[in-house]
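# Chains, contacts and geometry: an overview
So the chains spell out like this:
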Protein chains: 4
Amino acid sequence: MQVLRLHCDDKAGIVAAVATALSNNQCNIEESSQFHDPSSNQFYMRLVFTPLEDGCLKSFTERFEKISHDFSMTWKICDVSQKLKTLLMVSQYDHCLNDILYRWRTNQLPIDITAVISNHENTKDLIQGHNLPFYFLPVKNKNEQENQVRKIIEETNSELVVLARYMQILSEDFCSDFSGRVINIHHSFLPGFKGARPYHQAYDRGVKIIGATAHFATADLDEGPIITQDIVPVDHSFTPQKMQTIGQDTESRVLAKAVKLYAERRIFSHGNRTIIL
Amino acid sequence: MQVLRLHCDDKAGIVAAVATALSNNQCNIEESSQFHDPSSNQFYMRLVFTPLEDGCLKSFTERFEKISHDFSMTWKICDVSQKLKTLLMVSQYDHCLNDILYRWRTNQLPIDITAVISNHENTKDLIQGHNLPFYFLPVKNKNEQENQVRKIIEETNSELVVLARYMQILSEDFCSDFSGRVINIHHSFLPGFKGARPYHQAYDRGVKIIGATAHFATADLDEGPIITQDIVPVDHSFTPQKMQTIGQDTESRVLAKAVKLYAERRIFSHGNRTIIL
Amino acid sequence: MQVLRLHCDDKAGIVAAVATALSNNQCNIEESSQFHDPSSNQFYMRLVFTPLEDGCLKSFTERFEKISHDFSMTWKICDVSQKLKTLLMVSQYDHCLNDILYRWRTNQLPIDITAVISNHENTKDLIQGHNLPFYFLPVKNKNEQENQVRKIIEETNSELVVLARYMQILSEDFCSDFSGRVINIHHSFLPGFKGARPYHQAYDRGVKIIGATAHFATADLDEGPIITQDIVPVDHSFTPQKMQTIGQDTESRVLAKAVKLYAERRIFSHGNRTIIL
Amino acid sequence: MQVLRLHCDDKAGIVAAVATALSNNQCNIEESSQFHDPSSNQFYMRLVFTPLEDGCLKSFTERFEKISHDFSMTWKICDVSQKLKTLLMVSQYDHCLNDILYRWRTNQLPIDITAVISNHENTKDLIQGHNLPFYFLPVKNKNEQENQVRKIIEETNSELVVLARYMQILSEDFCSDFSGRVINIHHSFLPGFKGARPYHQAYDRGVKIIGATAHFATADLDEGPIITQDIVPVDHSFTPQKMQTIGQDTESRVLAKAVKLYAERRIFSHGNRTIIL
């Protein structure tokens, strides 16, 4: 099975052209979702299809290249069986890491973990116990450290970088160079409580619900396009510590969901908004 | 704007045929969702489209009739501006009724209420205050009463009948004659607590969550295809009465959602399951 | 049945003193909840009790006055059957108003609605249809208008003022004079999206969940102590208008819940936080 | 800190007696919750308190023994720092096990895991990697196997047995002998879909929400007192397999919550209902 994702200005005839090309080249549609955004006049589509015969995928792709040119599409075709090469970065808290490792190990997340980078050493044994490469990169010189990260991304061909509670701020250059390829989990319901110690902020404000937000990392801290969010109710008896404990479940769940959506090639971005098909 | 809904055996070329017919007849797709059900090999599609010129709708419909024949489709095209003619039936509890009336009055539900039938008189003033026809039909002779209901459905051309906490059981014949056109709200999270007094059953079983279920009425009580469900947490301090009070909000919300989905022509049924596009 | 609410510095012996006074004066405890806040060293308690004999309530109250003095308590005893006198203020959107009226009419909210004030006339018929006093107070001169509001509060002995989507900002003096007695509903998940047009702000930020917040009105707009909050998921297809429609249910539910908590004398405030017992 | 839990027929003077005994013996109340059940006339209370001086706990306990006798109480005092000795039983699916191990390892669950028993060997390495005793007990002869389980419970002094997706049915005798000490997770929203393959049952019935239920094991399969439940929405595109994958998160969360409530000594049972304080 193949995934086709495409995006272009909305015009008449797109769906007809794509569906006809698939049909004429013996490719069966298994799943399809699309979004016509009237506010921006953009069209987004994600299709899962099965080429029924040898050579179909090649002939469809050739035909589709012509169509995509006519409609000025941004597009990609990926083999579903090809797992997403994913690099994990983590600091001291390892609940999100543990959760992703479990889902990866039990085939719930269609990813290949290429390596784990941390600025702490506490997760080293866990990672190596899973036979995964572990890189201890403390942040003395930020530039230098980021260069090492870049090198690891390159060497491992990682398509996605997941900040699984990685508590260092990435440089503007890094965020811009890997735009749309770095997912961060923030432990608040954004846009509330950006920055440091969100559970303490939540406690001080006296909110009755706390949350977590998975978003693409951008140069503006905690301002990138939101992928998914979830919440959990709290009451007056919750100290910041108790919020932190209960919030960890939400963080793990939200981050895992975002990584899954990404790995299934469902996420499109437009400005500060995401379209999830 | 028009809604096209269609349903047929899943085959190659359906989407291509439909999209091409729309495109060739100057009809713009605004929204589209579809479902390929691998377990039953059925295909379901709902499209919202705008004919761009006079005569487009007619020419598309003519072309589409041919296509639908080729693929043995069940289909319908409806004008979005044409509100769904809806008959309400209610007994003593009027929370769902009040909720639907409010949403109807504030244009949140694209329905025309044709009449309200009740086996009690307590809502008469409320209904007539909204300038709606009210029929008081007590159930002395069930056959006779159902004949009157049938007559009202016919005379008012009602497409949908909403049982907004109507506490009488409809006959097998009635359910079968109006199959897929009668929505009931049951005040439990089905399949738990079918039948009478579900909140008392929930209390006795000691559940920690209660719910409500909107479903199509069938001859088997509380067994019809489920359209939507929602829940609310409870704890040991909830008596059946307290459950009833808090549950009313869930019932109203769930029923309103089901009516909206129906009015927007989003619901398909297959055996005991619904597909919501 | 009576409700006793009390609040004081946390010390040893409070519960013993209160429970003994009740027990010695033939008063039966029906419900009791309490909160020892370690961070502020405050103690909060809410008790529902039944005096078993004539004169018990009087003798308990006399005894309790002595106790409350010893512990420097802030306290109140209210008869449960005494409904809370509540003034509603509303602007053009009437979904919260409609919801409160329904719950009031069906005895789900233990309040007496004393009057409804609006700066618009569109809800006049609805209010008068419920045989409630309606005051049309447009805001030409803010001072003058607030004086009229103050006069109505006084004349009707209203204990609580509910801003049921009242879209005018109250003066600092008004908020301070009626501190802890004015509940506002804000149509966002605070602290996100304060101020005007929160659904448009939510759309622009691309959040995946929207919410509503009931809080005490203070001079700082949308900054008062939060009573309760709730949320509803949205996706990329939600325009600000669609958010508004779906958000109305959440707003109504959240406001009704806050009014119920207040009417049942469950809410305590400490700085910017509420304790709900 | 100490936890006092007690339960007796509801009468006047209980709270006064307990609170006075604590106060007179220099014990400070930190947390307190109680429930007067009018339907059964039972009283339940859970208190967390700190003895302020040496000997206080002893003198309070002596005094309390007298009180508990007067009111015919069932009661227990436990040291909060004393972790609950917990035995885990598991079959092939290890998501609940993995979740409990993580929470135990990060001190989120106040339990000591005494051992893990499985009728499969697949989790052996995981368990031994955590330096925990692993017992492989396949079920050839049920009686014999249960006797081994009984022996392990006894030797390890386990107070609680957690069936973390243990897919074997325990005998009536076993359930009765360990009544109120065995928590099971069932992967449906009980009372819906008891017995085998609940996700397949849920699929066949076409529900729109699936759930999980943690309950005390009793001789009647899936009929024991419910401790906690949670749900997750599904739609027509969910196959039983997809339900299973998404449901695992709910199962893990629900079971962990139940174990935490138990370890914190918050759960009381009355017939088929639980009171959680």
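Residues numbered from 1 in each chain as written. Chains lettered and ligands numbered in written order. Predicted model: local features only at pLDDT ≥ 70, side-chain atom pairs only at ≥ 80, totals over all residues. Heavy atoms only, no water.

### Thoughts on the relation of the copies chain B and chain C
Once chain B has been moved 0.0 Å along the axis and rotated by 180 degrees, it coincides with chain C to within an RMSD of 0.0 Å. Considering both components of the superposition, the chain copies are consistent with a two-fold axis. Distance from the rotation axis, computed per C-alpha, reaches its smallest value in chain B at Asp99 of chain B: 4.2 Å. Taken as a fraction of all interface residues of chain B, those also at the interface in chain C reach 100%, which identifies the copy contact as same-surface. (Least-squares fit on C-alpha atoms with pLDDT ≥ 70 in both. Contact = heavy atoms within 4.5 Å.)

### Things to note about the relation of the copies chain A and chain C
For the match of chain A to chain C, the screw axis carries a shift of 0.0 Å, the RMSD comes to 0.0 Å, and the turn is 180 degrees. With an isologous cut-off of 70% or more, the 100% of interface residues of chain A that recur at the interface of chain C puts this contact in the isologous class.

### A look at the domain arrangement of chain A
Residue and element names in this part refer to chain A. Split into domains, chain A comes out as domain 1 (2-79) and domain 2 (84-276). The centre of domain 1, based on its C-alpha atoms, is set 31 Å off from the matching centre of domain 2. At the interface, 14 residues of domain 1 touch nine residues of domain 2. In total, about 970 Å² of surface goes out of reach between domain 1 and domain 2, with carbon and sulfur atoms giving 55% of it. By the criterion of area lost to domain 2, the three top residues of domain 1 are Arg5, Tyr44 and Arg46, representing 55% of everything that side buries. Across the contact surface, domain 1 and domain 2 share one salt bridge. On inspection of domain 1 and its partner domain 2, the count reaches four residue pairs in polar contact (both at pLDDT 80 or more). Secondary structure elements with two or more residues in the side of domain 1 that touches domain 2: β1 (2-9), β2 (27-37), β3 (42-51) and β4 (74-79). In terms of residue class, the side of domain 1 that touches domain 2 is made up of six nonpolar, three polar and five charged. (Domains from an automatic or database assignment. Buried area = accessible area lost by both parts, 1.4 Å probe. Salt bridge = Lys/Arg side-chain N within 4 Å of Asp/Glu carboxyl O. Polar contact = N/O pair within 3.5 Å; in protein donor to acceptor, adjacent residues only side chain to side chain. Helix = DSSP H or I, 4+ residues; strand = E, 2+ residues; numbered from the N terminus. Nonpolar A, V, L, I, M, F, W, Y, C, P; charged D, E, K, R; others polar.)

### Overview of the interface of chain A and chain C
Each side of the interface is counted separately: chain A has 33 residues, and chain C has 33 residues. Counting each side, the surface lost to burial between chain A and chain C is near 2,700 Å², with a carbon and sulfur contribution of 57%. Per-residue buried area on chain A facing chain C is highest for Arg205, His236 and Arg273 of chain A; these three make up 28% of the total on that side. A salt bridge links Arg205 of chain C to Glu223 of chain A, with the shortest nitrogen-to-oxygen separation between them at 3.8 Å. The tally of links between chain A and chain C comes to 15 residue pairs in polar contact (both at pLDDT 80 or more). Taken together, the elements giving at least two residues each to the side of chain A that touches chain C come down to β2, α7 (198-205), β11 (226-233) and β13 (273-276) of chain A. If one sorts the elements of the side of chain A that touches chain C by residue count, β11 of chain A sits on top with six residues. Considering only residue class, the side of chain A that touches chain C consists of 15 nonpolar, ten polar and eight charged.

### Focus on the packing of helix α7 (residues 198-205) of chain C against helix α8 (residues 240-263) of chain C
Residue and element names in this part refer to chain C. The geometry of α7 relative to α8 is characterised by a closest axis approach of 9 Å and an angle of 120 degrees between their N-to-C directions. Between α7 and α8, the crossing angle belongs to the class labelled oblique. In the crossing of α7 with α8, the sense of the turn from one axis to the other is right-handed. Every residue of α8 that contacts α7 at Tyr199, His200, Ala202 and Tyr203 is listed here: Pro240, Gln241, Met243, Gln244, Gly247, Gln248 and Glu251. Partitioned by chemical class, the residues of the contact of α7 with α8 number five nonpolar, five polar and one charged. (Axes fitted to C-alpha atoms, helices over the stretch in contact; angles between N-to-C directions. Parallel < 35°, antiparallel > 145°, perpendicular 65-115°, else oblique. Left-handed = near helix turned anticlockwise from the far one by under 90°.)

### Structural notes on the interface of chain B and chain C
Of the residues lining the interface, 13 residues belong to chain B; the matching set on chain C comes to 13 residues. Both sides together, the interface formed by chain B and chain C hides about 1,100 Å², and carbon and sulfur atoms give 36% of it. Of all residues in chain B, Asn98, Tyr102 and Asp249 of chain B bury the most surface against chain C, accounting for 38% of the area lost on that side. Taken together, chain B and chain C are joined by four salt bridges. Of the charged contacts, one joins Arg103 of chain C and Asp249 of chain B as a salt bridge, the two residues approaching to 2.9 Å between their closest N and O atoms. If you list the elements that add at least two residues to the side of chain B that touches chain C, you get α3 (95-105) and α8 (240-263) of chain B. With five residues, α3 of chain B is the largest single contributor of residues to the side of chain B that touches chain C. Class assignment of the residues belonging to the side of chain B that touches chain C gives a composition of two nonpolar, six polar and five charged.

### What to know about the pattern of salt bridges
For the structure shown, the criterion picks out 60 salt bridges over all chains. Across the salt bridge formed by Glu31 of chain A and Arg266 of chain A, the nearest N and O atoms sit 3.7 Å from each other. Taken together, the residues Glu31 of chain A in strand β2 and Arg266 of chain A in the loop between α8 (240-263) and β12 (267-270) connect sequence positions 235 residues apart. Accessibility expressed as a relative area gives 38% for Glu31 of chain A, which makes it partly exposed. Taking the shortest distance from any N to any O, the salt bridge between Arg105 of chain D and Asp94 of chain A comes out at 3.8 Å. Separated into two different chains, Arg105 of chain D in helix α3 (residues 95-105) and Asp94 of chain A in the loop between β5 (84-90) and α3 (95-105) make up a pair that spans both. Where salt bridges share partners, they join Glu31, Arg46, Lys260, Glu264 and Arg266 of chain A into one cluster. (Buried < 20%, exposed > 50% of the residue type's maximum accessible area, 1.4 Å probe, protein only.)

### Quick look at helix α1 (residues 14-24) of chain C
All of the buried residues in α1 of chain C are Ile14, Val15, Ala16, Val18, Ala19, Ala21 and Leu22 of chain C. Against the buried residues of α1 of chain C lie β1 (2-9), β2 (27-37), β3 (42-51) and α2 (56-70) of chain C together with α1 (14-24) and β2 (27-37) of chain D. A positive backbone phi angle near 55 degrees is found at Gln26 of chain C, which sits one or two residues after α1 of chain C.

### Some remarks on the environment of Thr106 of chain C
Residue and element names in this part refer to chain C. In this structure, Thr106 sits in the loop between α3 (95-105) and β6 (111-118). Assessed through its relative accessible area of 26%, Thr106 is described here as partly exposed. Here the side chain of Thr106 touches Tyr102 through a polar contact of 2.8 Å, landing on its backbone oxygen. A distance of 3.0 Å separates a polar atom in the side chain of Thr106 from a polar atom in the side chain of Gln108.

### As for the sheet that holds strand β7 (residues 134-136) of chain B
Paired through their backbone hydrogen bonds, the strands of a sheet run either parallel or antiparallel. All names here are of chain B. Pairing in this open sheet of seven strands is mixed, and the strands run β7-β6-β5-β8-β9-β10-β11 from one edge to the other. Here the strands that pair on one side only, and so sit at the sheet edges, are β7 and β11 (226-233). Direction aside, the axes of adjacent strands within the sheet are offset by 20 degrees on average. Sheet topology note: the strand β10 (residues 209-216)/β11 ladder contains seven bridges and is antiparallel. Note that in β11 the partner of Ile209 across the bridge is Pro233. Packing against the sheet, α3 makes contact with β5 (84-90), β6 (111-118), β8 (160-163) and β9 (182-186), and its axis sits at approximately 155 degrees to β6. Against the sheet, α8 engages β5, β6, β8, β9, β10 and β11, with an angle of about 155 degrees to β11. (Pairing = 2+ DSSP bridges.)

### A short note on the packing of aromatic side chains
For the structure on display, the rule yields 30 aromatic pairs over all chains. Here the aromatic rings of Phe174 of chain A and Phe178 of chain A are separated by 4.7 Å at their centres, their planes lie at 35 degrees, and the arrangement is tilted. Residue classification places Phe178 of chain A among the buried residues on the basis of a relative accessible area of 10%. With a centroid separation of 6.4 Å and an interplanar angle of 20 degrees, the aromatic rings of Phe35 of chain D and Tyr44 of chain D are classed as stacked. Here the two residues Phe35 of chain D and Tyr44 of chain D agree in accessibility, since each one is buried. Among the aromatic residues, those joined into a cluster by ring pairs are Phe49, Phe60, Phe64 and Trp75 of chain A. Looking at Arg5 of chain A, its charged tip hangs above the ring of Phe268 of chain A, at a distance of 4.0 Å from the centre. (Phe/Tyr/Trp six-rings, centres within 6.5 Å; stacked < 30°, edge-to-face > 60°. Lys NZ or Arg CZ within 6 Å of the ring centre and 35° of its normal.)

### Details of the sheet that holds strand β9 (residues 182-186) of chain C
Residues and elements named next belong to chain C. Taken in spatial order, the seven strands line up as β7-β6-β5-β8-β9-β10-β11 in an open sheet, and their pairing is mixed. One side of each edge strand has no neighbouring strand; the edge strands of this open sheet are β7 (134-136) and β11 (226-233). Along the sheet, successive strands turn relative to each other by an average axial angle of 20 degrees, direction set aside.

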